[in-house]
Amino acid sequence: MSNSRRDFIKKAGLLGASMYTGTHAFSVSSYRRIIGANDRINIGVVGFSDRHKGAHAPSFLAAYKDLNFDIIAVSDIWKLRREEGVEFWKQKLGHSIKPCLNNESLYDIKDIDAVFVSTSDFQHALHAIEAVNAGKDAYVEKPLAETMEDARAVLKAVKDSKKIVQIGSQRRSGVNYFAANDFIKSGKFGNIVMVELTWNVNQPGRWRRPDLVAKLKEEDTDWKRFLLNRPDVPFNARHYLEYRLFWPYSSGIPGQWLCHQIDTVHWFTGLPNPRSVVVNGGNYLWKDGRENADTFTAVFDYGPLEDLTQGFQVLFKSRQTNSGVMKGEEVKEIYYSNGGTLNLDSNKISATGGLTEEYASAMGMKANLLPDISLNNIRVSTAANTGGDVVTLAHIRNWMECVRSRKEPNAPIEVGYNHSIAVIMANAAYRTGEKVTFDNKQQEVIAGGRAFKY
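In this text, all values refer to a predicted model and were calculated from it rather than measured experimentally. (Residues numbered from 1 in each chain as written. Predicted model: local features only at pLDDT ≥ 70, side-chain atom pairs only at ≥ 80, totals over all residues. Heavy atoms only, no water.)

J.: What exactly am I supposed to notice about helix α12 (residues 253–269) here?
T.: In an α-helix, one turn spans 3.6 residues; hence positions three or four apart end up facing the same way. Over its 17 residues, α12 extends 23 Å from the first C-alpha to the last, a length consistent with the 24 Å expected when each residue adds 1.5 Å. The largest bend along α12 reaches roughly 45° and is located at Cys259. Within α12, 16 of the 17 residues are buried, which leaves it mostly tucked inside the rest of the structure. (Helix = DSSP H or I, 4+ residues; strand = E, 2+ residues; numbered from the N terminus. Expected span 1.5 Å × (residues − 1). Bend = angle between axes of the 7 residues up to and from the residue. Buried < 20%, exposed > 50% of the residue type's maximum accessible area, 1.4 Å probe, protein only.)

Below, the structure written as structure tokens:
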């Protein structure tokens, strides 16, 4: 690692546990400040990505006037994206936008109050650390972290900072998900006995960016800064722009889709992480140089850590080779109890599959007969860019309101930390072929008797 790169990472607080105490350090009084209703809150963009343009932007534009927010700067290390971002927001907001070569330049702007972070998967945690160390609130895309080292570092940094950080797990702002959570926690559903999660697509171009790859030249970006704490390797345009296909820049399917759905398991049950996971899968069809799987099946064991006689199984399956269902229904989230089914695809609770009263009586048992209940009919989009749905709009607005009120958002840092554990466990199981567990004392993912590292 070069001295300049190591100095940058140390300055951002990415290699050590200590908090950054330079010119961007923040005081106790600064994070206790309650922003007045008439004070404009200025946002900086960290990474002008497809996700930011397609999801953050429409959500922000729907709320910024009501809440008195503005976007004043765009940071992107690639010249093309930086220029696109500046022009995009200039057209949307009708005023000039400050271009920033990197995040250090962004945080030199004293008027920045908060940031959107939508960079490469492995960078989310590190860029969140930069943001809170600079005294800024942040909306941070998922997955939060792809290694436990990064996950532990960002958890500590955010909790120490007292900043408002919303993880981009938008289901946490879905009306139907709130209703499901309330019903399960009321005890009316009964104990969960099984969860089936599915996320299928049939898109050979998913995560491919051939046109952009052809445009990216090393001299137009900062490859060393892109790598952050990943191994120092030669420039590779595909790794830069198609990172979801390559480890250690992304776990692929776990980091993109599992993290969304497994978060609802944590939310509805109050369990922080799986007890174990086994995985099978591979790159069976798309032979385009990718290293991450196009087909992935994980079986998790969940339950009380102190009582292995209780618990339930979570089956997650995903393939990029055949959607298997009608368009618009690629995602399934189904919870089962002995009394019936809670289906977050149809938004219905029913007695389907449950123990009947007649059979229960014959066995000397009491049936938990579930009524037919409709959860509010709100679906989460599963398109390549999921930003147009009402749940994302609500999630970003919730963050903006919390930046102003200083209340905890719907998806605080612990949400991202917990989904990261499940993602890293699944990735470790896929790459090692081992049954993977989690050491709660050391906060490490264990595969083959050792902490999993890339």
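On we go from here.
J.: What is the right way to read the packing of aromatic side chains from this model?
T.: To describe a pair of aromatic rings, you give the distance between the ring centres and the angle between the ring planes. What the rule picks out here adds up to 26 aromatic pairs. Relative to Trp267, the ring of Phe178 has its centre 5.3 Å away and its plane inclined at 90°; by these criteria the two rings are edge-to-face. Of this pair, Phe178 sits in helix α8 (residues 175–185) while Trp267 sits in helix α12, and the two are 89 residues apart along the sequence. Relative to Tyr430, the ring of Phe296 lies with its centre 5.7 Å away and its plane at 50°, an arrangement referred to as tilted. Of this pair, Phe296 sits in strand β9 (residues 295–302) while Tyr430 sits in helix α15 (residues 413–432); the two residues are 134 residues apart in sequence, bridging distant segments of the chain. Judged by relative accessible area, Tyr430 falls into the partly exposed class, the value being 22%. Joined through ring pairs, the aromatic side chains of Phe48, Phe60, Tyr64, Phe88, Trp89, Phe116, Tyr139 and Trp399 make up one cluster. (Phe/Tyr/Trp six-rings, centres within 6.5 Å; stacked < 30°, edge-to-face > 60°.)

J.: Looking at this structure, how should I read the environment of Lys162?
T.: Among the secondary structure elements, Lys162 is positioned in the loop between α7 (148–161) and β6 (165–167). Taking relative accessible area as the criterion, Lys162 reaches 47% and is therefore assigned partly exposed. Expressed as a C-alpha distance, the spacing of Lys162 and Asp137, which sit 25 residues apart in the sequence, is 9.0 Å.

J.: Can you walk me through the confidence of the model for the protein in this structure?
T.: Across the protein, pLDDT averages 88, with 85% of residues at or above 70. Under a pLDDT of 50 for its full length, residues 1–33 has, in the predicted model, 57 contacts with residues more than four places off or in other chains. Under a pLDDT of 50 for its full length, residues 384–388 has, in the predicted model, 16 contacts with residues more than four places off or in other chains. (pLDDT = per-residue confidence, 0-100. Contact = heavy atoms within 4.5 Å.)

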